[in-house]
Amino acid sequence: MPEPTAHPLQPATLVVAAGRPARAQGAPVNPPVVLSSTYVSRGVPAPGEPLYARMDTETWHPFEEALGALEGCPHPALVLGSGMAAIAAALSLVPPGGGLVLPRHCYQVTLGYARDLAERSGVRVELVDVDDTDAVLAAVRGGDGAPAADLLWVESPTNPMLEVADLPALVAGAHAAGALVAVDNTFATPLVQRPFAHGADVVVHSVTKYLAGHSDVVLGAAMAADPELHARLHAYRTLHGAVAGPFEVWLALRGLRTLALRVERAQASALELARRLAAHPEVAQVRHPGLPEDPGHARAARLMDGFGSIIGLRPAGGVEAADALVASLRLWVPATSLGGVESSLERRRRFATESPTVPEDLLRLSVGIEDVEDLWRDLADALDALV
């Protein structure tokens, strides 16, 4: 952590200041990357002594410290080899035969992993509309002979439908029913939403996306407020070998330094683009929590420090128009990831594993940091060509 100050640091400062080396004369400003799989060790290792890089390596620590501080977690985060490794670690908290409630619209591989848990471990999986608080909590509580769930999984906003959950109400209700709450905070980032402040038990990220921010690493992170849960996540990482390479983590920390600037720019551009798209005659529907008419707007305005930089777009011409739009764009990148400095988009139902309730023609747009007028000109030209 940075040296103590008279006042708590704001998130935009923490992303720059956290995870730095001690300020000794002649010391580097940035932490070094240590490329070693093993460490010199004689006799019985002392607690915390470096031994083997699957267990721990010092290059992870600055990033883990910075992300934990950003999320308001009492422990450093745990970096893992991918976002799915982080999700799998968190879902390992559901016991065999236990109950898992998760949004019907969330990351498609999360849904696939839940199905695998159901088949392999007898986990009871129930899908819900996460913006319907009463329905979610009814599923968590069980009833009519069904036991309560062990874990409620939350995405907010959801991927790719951008539904916004009432996170404080869900956490309070789930805890009252005896369930843990895990939040995938990838879309919002800790600059926009901090689930631990609402009482969440576990937070996960695909570091690949906004945190690293440059579409050049694959990483994940998981963290828990409770020491026992944190220890279980740490044990999962070690036993399953779901570890990250030190150079990738070093790159992610370098990307994290500009997170506040990137989020600020991308959010502002996304809101402006969403407004213009909503008024275009070739657009049938736009989803973005920043639009006053969006179903999630009031909740996002109350609970979040911004509206994110993802847009859901359905062109008036359906699937054919959606595919034509993707093909004709020149600046926007057709790609399946998000959260990079470059703006990207894709039609989500091109994947057979996507939730069947996601519209076939839905395009998910991830707004980057380019000039908003250039982004709009590219979109407008492509939309006008659909006529």
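In this report, the structure presented in the accompanying data block is examined.

Rules and cut-offs
Residues numbered from 1 in each chain as written. Predicted model: local features only at pLDDT ≥ 70, side-chain atom pairs only at ≥ 80, totals over all residues. Heavy atoms only, no water. Pairing = 2+ DSSP bridges. Helix = DSSP H or I, 4+ residues; strand = E, 2+ residues; numbered from the N terminus. Core = buried A, V, L, I, M, F, W, Y, C linked by side-chain atoms within 4.5 Å. Buried < 20%, exposed > 50% of the residue type's maximum accessible area, 1.4 Å probe, protein only. Contact = heavy atoms within 4.5 Å. Salt bridge = Lys/Arg side-chain N within 4 Å of Asp/Glu carboxyl O. Axes fitted to C-alpha atoms, helices over the stretch in contact; angles between N-to-C directions. Right-handed = clockwise from strand over helix to strand, strands pointing away. Polar contact = N/O pair within 3.5 Å; in protein donor to acceptor, adjacent residues only side chain to side chain.

In this section: the sheet that holds strand E10 (residues 333–334). A sheet is described by the order of its strands in space; here five strands give the open sequence E8-E9-E12-E11-E10, paired in mixed fashion. Each edge of the open sheet carries a strand with a single partner, namely strand E8 (283–287) and E10. One ladder, built from four bridges, connects E8 with strand E9 (residues 310–315); its direction is antiparallel. Counted as the bridge partner of arginine 287 is glycine 312 from E9.

The biggest cluster of nonpolar side chains holds 41 residues, and the ones touching the most others in it are Phe63, Val207, Leu219, Leu256 and Leu259. It is helix H2 (residues 60–71) that provides the largest number of residues to this core, a total of six residues. Those residues in contact with leucine 219 that lie beyond four places of it in its chain are Val79, Leu80, Gly81, Ser82, Gly83, Ser206, Val207, Thr208, Ala244, Glu248, Val249 and Ala252.

Right, let's get into the environment of histidine 230. Mapping histidine 230 onto the fold places it in helix H7 (residues 227–240). Overall, histidine 230 belongs to the buried group, its relative accessible area being 14%. Once the C-alpha coordinates of histidine 230 and alanine 90 are considered, the two residues, 140 residues apart in sequence, prove to be 9.9 Å apart. Among residues more than four places away in sequence, those in contact with histidine 230 are His75, Pro76, Leu78 and Ala224.

So, about the pattern of salt bridges. This model, assessed by the stated rule, comprises 19 salt bridges. As a salt-bridge pair, aspartate 374 and arginine 377 come within 3.0 Å of each other at their nearest N and O atoms. Of this pair, aspartate 374 and arginine 377 both sit in helix H12 (residues 372–384), separated by three residues, roughly a single helical turn. Connected through salt bridges with shared partners, the residues Glu346, Arg348, Arg350, Glu354 and Arg364 form a single ionic network.

The subject of this paragraph is the sheet that holds strand E3 (residues 124–128). What holds strands together in a sheet is hydrogen bonding between their backbones, with the strands either parallel or antiparallel. With mixed pairing, seven strands are arranged side by side in an open sheet as E1-E7-E6-E5-E4-E2-E3. Here the strands that pair on one side only, and so sit at the sheet edges, are strand E1 (78–80) and E3. Put simply, the sheet's adjacent strands are angled 20° from each other on average, direction ignored. Sheet topology places strand E2 (residues 99–103) next to E3; five bridges connect them, and they run parallel. Of the residues in E3, the one forming a bridge with leucine 102 is leucine 127. Against the sheet, helix H6 (residues 167–176) contacts strand E4 (151–155) and strand E5 (180–184), and its axis sits at roughly 150° relative to E5.

Before going further, it helps to examine the pairing of E2. When you tally the buried positions in E2, you get five out of five residues, the bulk of the element. The alternating pattern of E2 places Gly99, Val101 and Pro103 on one face and Leu100 and Leu102 on the opposite face, and all of these are buried. Chirality of the crossover, the property in question, places the unit of E2, helix H4 (residues 108–121) and E3 among those that are right-handed. In terms of strand pairing, E2 meets E4 through two bridges, oriented parallel. When the sheet's bridge partners are listed, leucine 100 is paired in E4 with leucine 151.

Here the focus is the side chain of aspartate 361. If you trace the backbone, aspartate 361 turns up in the loop between strand E11 (344–347) and strand E12 (363–366). The exposure class of aspartate 361 is buried, given its relative accessible area of 9%. Separated by 2.8 Å, the side chains of aspartate 361 and arginine 314 make a polar contact. Non-local contacts of aspartate 361, meaning those with residues more than four positions away in its chain, are made with Leu313, Arg314, Pro315, Gly318, Val319, Ala322 and Arg347.

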